[in-house]
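Notes for the structure review
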Amino acid sequence: MLRVLCLLLAIWLPQAAQALSVAFYYGRDPLPELAAFDIAVVEARHGFDPAALRRPGFEPFAYVSVAELAADHPAHTGLSPGCVLGVNPAWGGSLIDQSRPDCRALWLQTVFQPLWRAGWRGFFLDTLDSYRLIPKAEEKTHQAGLIQLIREIKTRHPGARLFLNRGFELLPEIAPLVEGVAAESLFFRYDAATKTYGGVAEEDRRWLSARLREVQNRYGLPVVVIDYLPPAQREEARRLAGRIAAEGFIPWVSDGELASLGVGAREAL
């Protein structure tokens, strides 16, 4: 039997945030405990069936990389060479030029549409700032392309539920089209290259906190903070989730690969 323990940290959240609990899980094995949350972001490429996961009051969201495409993604073989701007040195994914209409159309056809046809209705849009990895990138041009892409998604599929990973520069144009924003590493981070955990510098924390409060206050959107600790540090994760909640954000604390069930506004046991 699934038993859900709602931690006391939930009552520390502002009322608007209390209405939403969000989990992130990129593991390969489906976890029934995810249904204890309102939203769970999962890796759709692991073969999950959204119809089988969906429950009343619970919606699975598919992780979608917008401006990068992994080399093993089925759509990668069909990439036009003109749509590839380079490679992310940390992950090895190809950087996609979403400023070009033909590249956006190809991405919608080969990446987004298969997810929609498979029954996904919620989407977590990641890598929205990957254009910054491109030397001398024309930021405004790439931002305009991403804004247009998100508008095209909502035009084609008005029922699509979109959650952003950061994307702060895009929000003035598309905030009404999305229902939340997430950001990683407010207090503790994970370095994928070295597979190590560490604290976030105070200056970086202040900058990110200011951006997240702007999302709340200016756009009225819920904000999720994803922080990272080793799986064995469960008690520390609970305390960290409480610390994030005390800042007024929806917490999620998990391992660096998001491969285990973490601690959030709720904790499923």
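Reference entry: report on the structure contained in this document. (Residues numbered from 1 in each chain as written. Predicted model: local features only at pLDDT ≥ 70, side-chain atom pairs only at ≥ 80, totals over all residues. Heavy atoms only, no water.)

**So, the nonpolar core**
- Phe 24, Trp 107, Trp 120, Phe 123, Leu 125, Leu 164 and Leu 171 are the most contacted members of the largest nonpolar core, which has 82 residues in total.
- Per element, the largest residue contribution to this core is 6 residues, and it comes from helix α3 (residues 101-117).
- Excluding residues within four positions of it along the chain, Leu 164 makes contact with Phe 124, Leu 125, Leu 128, Ile 150, Leu 171, Ile 174, Val 178, Gly 180, Val 181 and Ala 182. (Core = buried A, V, L, I, M, F, W, Y, C linked by side-chain atoms within 4.5 Å. Buried < 20%, exposed > 50% of the residue type's maximum accessible area, 1.4 Å probe, protein only. Helix = DSSP H or I, 4+ residues; strand = E, 2+ residues; numbered from the N terminus. Contact = heavy atoms within 4.5 Å.)

**Details of the pattern of salt bridges**
- Throughout the structure, instances matching the rule amount to 17 salt bridges.
- Across the salt bridge formed by Arg 132 and Glu 139, the nearest N and O atoms sit 3.1 Å from each other.
- What makes Arg 132 partly exposed here is its relative accessible area of 38%.
- A salt bridge links Glu 214 to Arg 211, with the shortest nitrogen-to-oxygen separation between them at 3.8 Å. With Glu 214 and Arg 211 both in helix α6 (residues 202-219), this residue pair falls 3 residues apart, about one helical turn.
- Overall, the relative accessible area of 32% leaves Glu 214 in the partly exposed class.
- Using a relative accessible area of 24% as the deciding quantity, one classes Arg 211 as partly exposed. (Salt bridge = Lys/Arg side-chain N within 4 Å of Asp/Glu carboxyl O.)

**Considering the packing of aromatic side chains**
- Inspection of the entire model under this criterion finds 11 aromatic pairs.
- Between Phe 61 and Phe 163 the ring centres are 6.5 Å apart and the planes differ by 80°, which places this aromatic pair in the edge-to-face class. With Phe 61 in strand β4 (residues 59-65) and Phe 163 in strand β9 (residues 161-165), this residue pair connects regions lying 102 residues apart in the sequence. In this structure, Phe 61 and Phe 163 share a single accessibility class: buried.
- Aromatic rings pair up to connect Phe 24, Tyr 26, Tyr 63 and Phe 124 into one cluster.
- Over the ring of Trp 116 we find Arg 121, and its NZ or CZ is 3.7 Å from the ring centre. (Phe/Tyr/Trp six-rings, centres within 6.5 Å; stacked < 30°, edge-to-face > 60°. Lys NZ or Arg CZ within 6 Å of the ring centre and 35° of its normal.)

**Brief notes about helix α7 (residues 234-246)**
- In a regular helix each residue adds 1.5 Å, so 13 residues correspond to 18 Å; α7 covers 18 Å between its end C-alpha atoms and thus fits that length.
- All buried positions along α7 are accounted for by Ala 237, Leu 240, Ala 241, Gly 242, Ile 244 and Ala 245.
- Among the structural elements, β11 (188-191), β13 (223-228), β14 (250-254) and β15 (263-264) are those in contact with the buried residues of α7.
- Gly 248 sits one or two residues past α7 and shows a positive phi near 95°. (Expected span 1.5 Å × (residues − 1).)

**What to know about the side chain of His 157**
- As for its placement among the helices and strands, His 157 is situated in the loop between α4 (139-156) and β9.
- Residue classification places His 157 among the buried positions, given a relative accessible area of 11%.
- In contact with His 157, other than residues within four places in its own chain, are Phe 112, Gln 113 and Trp 116.

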